[in-house]
Amino acid sequence: MIFRPILAGAVLRDRLLAGVGATFGIALTGVLAAVLAGEGSLPLLVAPIGASAVLVFAVPASPLAQPWPVIGGNLLSALWGLLVAQCVATPVAAAALAVGGAIVVMSLLRCLHPPGGAVALGFVLAAGHLPDGWLYPWLPVGLDSALLVLAGMLFHRLSRHVYPHRPAAPVPTPSPFAAADIDAALADMHESFDIAREDLDALLDAAARHAALRRERSARSSPRR
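Residues numbered from 1 in each chain as written. Predicted model: local features only at pLDDT ≥ 70, side-chain atom pairs only at ≥ 80, totals over all residues. Heavy atoms only, no water.

**Digging into the overall build of the protein chain**
Assigned secondary structure in the protein chain consists of eight helices and zero strands. Along its sequence from the N terminus, the protein chain presents helices and strands in the succession α-α-α-α-α-α-α-α. Evaluated residue by residue, the protein chain yields a buried proportion of 32% over its 225 residues. Long-range contacts, defined as pairs at least 24 residues apart, comprise 71% of the intrachain contacts of the protein chain with a sequence gap of at least 6. Carbon together with sulfur atoms contributes 68% to the accessible area of the protein chain, which is approximately 13,800 Å² in total. (Helix = DSSP H or I, 4+ residues; strand = E, 2+ residues; numbered from the N terminus. Buried < 20%, exposed > 50% of the residue type's maximum accessible area, 1.4 Å probe, protein only. Contact = heavy atoms within 4.5 Å. Areas by Shrake-Rupley, 256 points an atom, 1.4 Å probe, with all protein chains shown as cover.)

Printed below as a string of structure tokens:
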């Protein structure tokens, strides 16, 4: 099989749709950015937005792909990267502090977004080549992020997906797991998973419901003695 998804629940149709969506999103973002810039080229389209598009269109249910992480994560990382570029003269140290600090800032403000690390690093690497003043460098990042989120909302509505993501309401089902059990299991694993806690609860409730139905069907189909 050519397509073997590494994401739970992924199917080929959705991946193809994600490619179409990213094409639409980047095109719309670039065109609108050029119009707002008042020029014929794409001066406001920045590279890390491509990584943001992967999240918005390929995994729209991810907590990392929601509007606040996309806009806030990219924008705050840009500001942090500019600050580091202004304060740290050693390139390697500046690069390290830009990415590490961006992760901390985004985490504290609940807008963790992986492309934000690229945004912060990009500003440090471009130090000395940016226009004077603080307004212009981070303005394209904020504008592109907002336009990409709007494009994502429009495309997912047309493709009958929900974005921003709203966790499904769990169907009441007798479940062997209490909330404290799930918290303890997460603590034992010492890992962070790219799924909202509400979605995790709904998934486990749905699994318990399907397990109960399977046992019921098995009991009905078992031969009676």
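**Looking at unusual backbone geometry**
With an omega of 0°, the peptide bond between Tyr-163 and Pro-164 qualifies as cis. Within the fold, Pro-164 resides in the loop between helix H6 (135-158) and helix H7 (179-189). Unusually for a residue other than glycine, Arg-110 sits at a positive phi of about 55°. Tracing the chain through its elements places Arg-110 in the loop between helix H4 (91-108) and helix H5 (115-125).

**Notes on helix H8 (residues 197-221)**
The end-to-end C-alpha distance of H8, which contains 25 residues, comes to 36 Å, matching closely the 36 Å that a straight helix rising 1.5 Å per residue would cover. Within H8 the residues assigned to the buried category are Asp-199, Leu-200, Ala-202, Asp-205, Ala-208 and Ala-211. (Expected span 1.5 Å × (residues − 1).)

**Details of the confidence of the model for the protein chain**
Summarising the model, the protein chain shows a mean pLDDT of 84, and 85% of its residues fall at 70 or more. In the model of the protein chain, H8 stands out as the element of lowest mean pLDDT, 76, in contrast to H4, which has the highest, 97. (pLDDT = per-residue confidence, 0-100.)

**Focus: the nonpolar core**
Counting residues in hydrophobic clusters, the biggest one holds 10 residues: Ile-49, Ala-53, Val-56, Phe-57, Val-70, Leu-148, Val-149, Ala-151, Phe-155 and Tyr-163. Elements with a minimum of two residues in this core: helix H2 (48-58) and H6. When neighbours within four sequence positions are excluded, Ile-49 is seen to be in contact with Ile-26, Asn-74, Asp-144, Ser-145 and Leu-148. Formed by nine residues, the second largest nonpolar core is a distinct cluster that contains Ala-94, Ala-98, Met-106 and Ala-120. (Core = buried A, V, L, I, M, F, W, Y, C linked by side-chain atoms within 4.5 Å.)

**Side note on the packing of aromatic side chains**
One pass over the structure, following the stated rule, counts two aromatic pairs. On the basis of an interplanar angle of 75° and a centroid distance of 5.8 Å, the ring pair of Phe-57 and Phe-155 is categorised as edge-to-face. Separated by 98 residues along the polypeptide, Phe-57 in helix H2 and Phe-155 in helix H6 bring together distant segments of the chain. Phe-57 gets classed as buried once you look at its relative accessible area, which sits at 4%. Assessed through its relative accessible area of 10%, Phe-155 is described here as buried. (Phe/Tyr/Trp six-rings, centres within 6.5 Å; stacked < 30°, edge-to-face > 60°.)

**Describing the packing of H4 against H5**
One can describe the packing of H4 onto H5 by two numbers: an axis separation of 8 Å at closest approach and a directional angle of 150°. Looking at the two axes, H4 sits roughly antiparallel to H5. Crossing angle aside, the handedness with which H4 passes H5 is right-handed. Residues Pro-91, Ala-94, Ala-95, Ala-98, Val-99, Ala-102 and Met-106 of H4 form the contact with H5, whose participating residues are Gly-116, Gly-117, Ala-120, Leu-121 and Val-124. (Axes fitted to C-alpha atoms, helices over the stretch in contact; angles between N-to-C directions. Parallel < 35°, antiparallel > 145°, perpendicular 65-115°, else oblique. Left-handed = near helix turned anticlockwise from the far one by under 90°.)

**Thoughts on the packing of H2 against H5**
Contact geometry of H2 with H5 gives a least axis separation of 9 Å together with a crossing angle of 175°. It follows that H2 is roughly antiparallel to H5 by the angle criterion. Within the contact between the two elements, H2 uses Pro-48, Ala-51, Ser-52 and Leu-55 and H5 uses Pro-115, Ala-118 and Val-119. In terms of residue class, the contact of H2 with H5 is made up of six nonpolar, one polar and no charged. (Nonpolar A, V, L, I, M, F, W, Y, C, P; charged D, E, K, R; others polar.)

**Let's talk about a nonpolar patch on the surface**
On the surface, a nonpolar cluster with roughly 440 Å² of combined accessible area is contributed by Trp-68, Val-104, Leu-108 and Leu-109. Along the chain, Trp-68 falls in helix H3 (residues 67-87). (Patch = residues over 30% accessible without salt bridge, like charges linked within 9 Å, V, L, I, M, F, W, Y side chains within 5 Å. Salt bridge = Lys/Arg side-chain N within 4 Å of Asp/Glu carboxyl O.)

**Some words on the side chain of Ser-52**
Locating Ser-52 in the fold gives a position in helix H2. Reaching out from Ser-52, the side chain makes a polar contact with the side chain of His-113 at a distance of 2.8 Å. Residues contacting Ser-52, with those up to four places away along its chain left out, are Asn-74, His-113, Pro-115 and Leu-148. (Polar contact = N/O pair within 3.5 Å; in protein donor to acceptor, adjacent residues only side chain to side chain.)

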